Amino acid sequence: MQPPILLPLLLLLLLLAAASPRPVLSRRHASPPLATETLDVAASLSRARAAVSAEAVPLHQSAAAAVSTEVVGEEHEEGRLALRLHSRDFLPEEQGRQRHASYRSLVLARLRRDSARAAAVSARAAMAADGVSRFDLVPANVTAFEASAAEIQGPVVSGVGLGSGEYFSRVGVGSPARQLYMVLDTGSDVTWVQCQPCADCYQQSDPVFDPSLSTSYASVACDNPRCHDLDAAACRNSTGACLYEVAYGDGSYTVGDFATETLTLGDSAPVSSVAIGCGHDNEGLFVGAAGLLALGGGPLSFPSQISATTFSYCLVDRDSPSSSTLQFGDAADAEVTAPLIRSPRTSTFYYVGLSGLSVGGQILSIPPSAFAMDSTGAGGVIVDSGTAVTRLQSSAYAALRDAFVRGTQSLPRTSGVSLFDTCYDLSDRTSVEVPAVSLRFAGGGELRLPAKNYLIPVDGAGTYCLAFAPTNAAVSIIGNVQQQGTRVSFDTAKSTVGFTTNKC
């Protein structure tokens, strides 16, 4: 039997052992918690189902014609031009087009258009980097318009085009102004509208523009410098008027007369003598749009013609019937800025200095060459309003996907859909926590994306997919799904691209 005095001593030793700190080694090797974003599954599914429901009401022209009172007041104070932007899926439906029977059908149609768009942007950038000029190209098509205009001198050449876009604005064309729906496109330099008389015009929501009813319409002569700025131009023999052609990578094209016209944006003062295409032979996937408002960096783009060194847009959720804005003029300071990089071979595209990606707060191991532009203009990262899904070099995409999968092991996986290979069944969830995804830019800026901008529904049943895709092309593209809800600003004077969240 132990002496009684030893019992208190043993108890004291046990208490001291229990109170001692844990080994430092275990604390050193503990994994840091992942940075996460909350995805509101119930809300995004509700929007998706509403987008294809029988009760969904398309935009009315009267509602889309004016800029909101708040924005108009801001324009008048600061001298800005501004327009409302709308998702193409909420435009008034042209005669004979059927609504999609399901949300999955709508998504697959979007992805088909997007594949053509991304391929076209990549091909155009690659051609520029390879030094292919308009003089190296040969005619792609002999259109009905060309065949009927026997007096055309020389070939009408066509480069690889840029797709039809996913967002629209209401623009006044001519004098008096005719309000028309126009595609917004940062990847194009030539603004154009369908015109009477039509050799071949696709269906649009508004009556086709008739230049004979506009007092401000004037043809551009072949010897005019603006005609020489076109990538594809020819000349009418009898009148010396300039003809244009723009071909798009999805099979769409427009051919017609090159002219100057007055454009009116919202309640702003009309802008006169804007060089535009008046298309008499047009074909393609433009839905109900009357034409295209070109926002690229070339000399014929709308910003260039009005000498706007800054413009910005905020893209509304593609499943929402609400509108956002496009603005020209002095831009407010952005939350995140990145270098605007210009290609030595093409002025059309807006390249951004992307330096890396992070998932869950952890910077991914991706070589800088995956995002870099070389001395010939090959590679780099384009910010594009018309491409939907962000395309990354295959190695960069694999690093992003694998990190995301490691952070979502608790979520049930399901089979891929179209170009998406990482999908989840969230049909029994109302919200989920997923790893945060951020774009990191040269200079230290970091844009953290909301979960709905990279984990998106692909049907109405609760299937969600990671909205990034790999590409074998040299160029990467930041698409509009990742830009939704963020004001994206371009300042060509300061060579910066800005990103400000929740600024629509």
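All figures in this text were calculated on a predicted structure; none of them were measured in a lab.

Trainee: How should I be thinking about the packing of aromatic side chains in this particular structure?
Mentor: For any pair of aromatic rings, the description rests on two quantities: the centre-to-centre distance and the angle between the ring planes. Considering all chains together, one arrives at 11 aromatic pairs under this definition. On the basis of an interplanar angle of 35 degrees and a centroid distance of 5.9 Å, the ring pair of Phe311 and Phe328 is categorised as tilted. Of this pair, Phe311 sits in strand 13 (residues 310-314) while Phe328 sits in strand 14 (residues 324-328); the two residues are 17 residues apart in sequence, bridging distant segments of the chain. Of the residues examined, Phe311 reaches a relative accessible area of 3% and is grouped as buried. On the basis of relative accessibility, which here comes to 3%, the residue Phe328 falls in the buried class. An aromatic cluster of at least three residues, connected via ring pairs, comprises Phe302, Phe311, Tyr313, Phe328, Tyr350 and Phe490.

Trainee: Explanation requested: the side chain of Ser169 in the structure shown.
Mentor: Looking at the secondary structure, you find Ser169 in strand 4 (residues 167-173). The class of Ser169 is buried, set by a relative accessible area of 1%. At 2.9 Å, the side chain of Ser169 forms a polar contact with the backbone oxygen of Arg84. Leave out the neighbours within four places in its chain, and Ser169 touches Leu83, Arg84, Leu85, Leu180, Tyr181 and Met182.

Trainee: Please clarify how the sheet that holds strand 26 (residues 455-457) should be interpreted in this entry.
Mentor: Backbone hydrogen bonds hold the strands of a sheet together, and the pairing may be parallel or antiparallel. In spatial order, the strands read 21-22-27-26; together these four strands make up an open sheet with antiparallel pairing. Taken across any chain shown, the strands that pair with only one partner, and hence form the sheet edges, are strand 21 (413-414) and strand 26. When strand 21 meets strand 22 (residues 423-425), the two strands line up antiparallel, connected through two bridges. Its bridge partner being in strand 22, Arg413 is matched across the sheet by Tyr424.

Trainee: When you look at the UniProt feature "active site" (unreviewed entry) in the protein in this model, what are you seeing that I'm missing?
Mentor: The sites that carry the UniProt feature "active site" (unreviewed entry) are, in the present numbering, Asp185 and Asp384. Separation in sequence by 200 residues is not matched in space for these annotated residues, since their most distant C-alpha atoms are only 7.8 Å apart. Take Asp185: it is sitting in strand 5 (residues 178-185). Among the polar contacts made by the side chain of Asp185, one reaches the side chain of Arg117 at a distance of 2.7 Å. With residues up to four places along the chain from it excluded, the contact list for Asp384 reads Arg117, Val121, Asp185, Thr186, Gly187, Ile477, Ile478, Gly479, Asn480 and Gln483. Here Gly386 takes part through its backbone nitrogen, which lies 3.5 Å from a polar atom of the side chain of Asp384.

Trainee: When you look at the pattern of salt bridges in this model, what are you seeing that I'm missing?
Mentor: One side chain can pair with another of opposite charge once the charged atoms of both are near each other. By the definition in use, this model includes 13 salt bridges. Here Arg124 makes a salt bridge to Asp231, at a shortest N to O gap of 2.7 Å. Within this pair, whereas Arg124 is found in helix 6 (residues 103-129), its partner Asp231 is found in the loop between helix 8 (225-228) and strand 8 (233-236), the two being separated by 107 residues in sequence. With a shortest N-O distance of 3.1 Å, Arg401 and Asp402 are connected by a salt bridge. Look at Arg401 and you get partly exposed, because its relative accessible area is 23%. On the accessibility criterion, Asp402 (34% relative accessible area) is partly exposed. In this structure, a network of salt bridges that share partners links the residues Arg117, Asp185 and Asp384.

Trainee: Got a minute to help me understand the side chain of Arg110 in this structure?
Mentor: Tracing the sequence through the fold places Arg110 in helix 6. Arg110 gets classed as buried once you look at its relative accessible area, which sits at 7%. Excluding residues within four positions of it along the chain, Arg110 makes contact with Asp89, Tyr103, Arg318 and Asp319.

Trainee: Mind showing me how you'd approach empty space enclosed by the protein here?
Mentor: Gaps left between atoms are located by rolling a probe of water-molecule size over the structure's atoms. All chains considered together, the criterion is met by four cavities of 30 Å³ or more. Each pocket or cavity is described by its volume, and for the largest cavity that value is around 250 Å³. Among the elements that take part in the lining of the largest cavity, helix 6 stands out by supplying five residues, more than any other. Among the residues making up the lining of the largest cavity, the classes are represented as 12 nonpolar, two polar and seven charged. Two domains each donate at least three residues to the lining of the largest cavity, and these are domain 1 (35-50 + 102-131 + 333-503) and domain 2 (152-329).

Trainee: Just checking my understanding: could you explain the state of the cysteines for this structure?
Mentor: In this structure the tally under the stated criterion is five disulfides. Residue pairing for Cys195: its cysteine sulfur links by disulfide to Cys278, the two sulfurs lying 2.0 Å apart. Between Cys195 and Cys278, the disulfide has an S-S torsion of -120 degrees and is therefore left-handed. Taken together, the residues span a long stretch of sequence, with Cys195 in the loop between strand 6 (192-194) and strand 7 (218-219) and Cys278 in strand 11 (residues 271-283) at a distance of 83 residues. Across this residue pair, the class does not change: Cys195 and Cys278 are buried. Paired by a disulfide, Cys222 and Cys235 hold their sulfur atoms 1.9 Å apart. The disulfide joining Cys222 to Cys235 has a torsion of about 120 degrees about its S-S bond and is therefore right-handed. Of this pair, Cys222 sits in the loop between strand 7 and helix 8 while Cys235 sits in strand 8, and the two are 13 residues apart along the sequence. Since its relative accessible area comes to 15%, Cys222 is described here as buried. By relative accessible area, Cys235 is classed as buried at 15%.

Thresholds, definitions, all that
- Residues numbered from 1 in each chain as written.
- Predicted model: local features only at pLDDT ≥ 70, side-chain atom pairs only at ≥ 80, totals over all residues.
- Heavy atoms only, no water.
- Phe/Tyr/Trp six-rings, centres within 6.5 Å; stacked < 30°, edge-to-face > 60°.
- Helix = DSSP H or I, 4+ residues; strand = E, 2+ residues; numbered from the N terminus.
- Buried < 20%, exposed > 50% of the residue type's maximum accessible area, 1.4 Å probe, protein only.
- Polar contact = N/O pair within 3.5 Å; in protein donor to acceptor, adjacent residues only side chain to side chain.
- Contact = heavy atoms within 4.5 Å.
- Pairing = 2+ DSSP bridges.
- UniProt positions renumbered as here; feature names shortened; annotations may be inferred.
- Salt bridge = Lys/Arg side-chain N within 4 Å of Asp/Glu carboxyl O.
- 1 Å grid on protein atoms, 1.4 Å probe; cavity = no way out; pocket = protein on both sides within 12 Å on 5 of 7 lines; lining within 4 Å.
- Points joined across faces, edges and corners; volume = space filled by probe spheres on them.
- Nonpolar A, V, L, I, M, F, W, Y, C, P; charged D, E, K, R; others polar.
- Domains from an automatic or database assignment.
- Disulfide = S-S within 2.5 Å.

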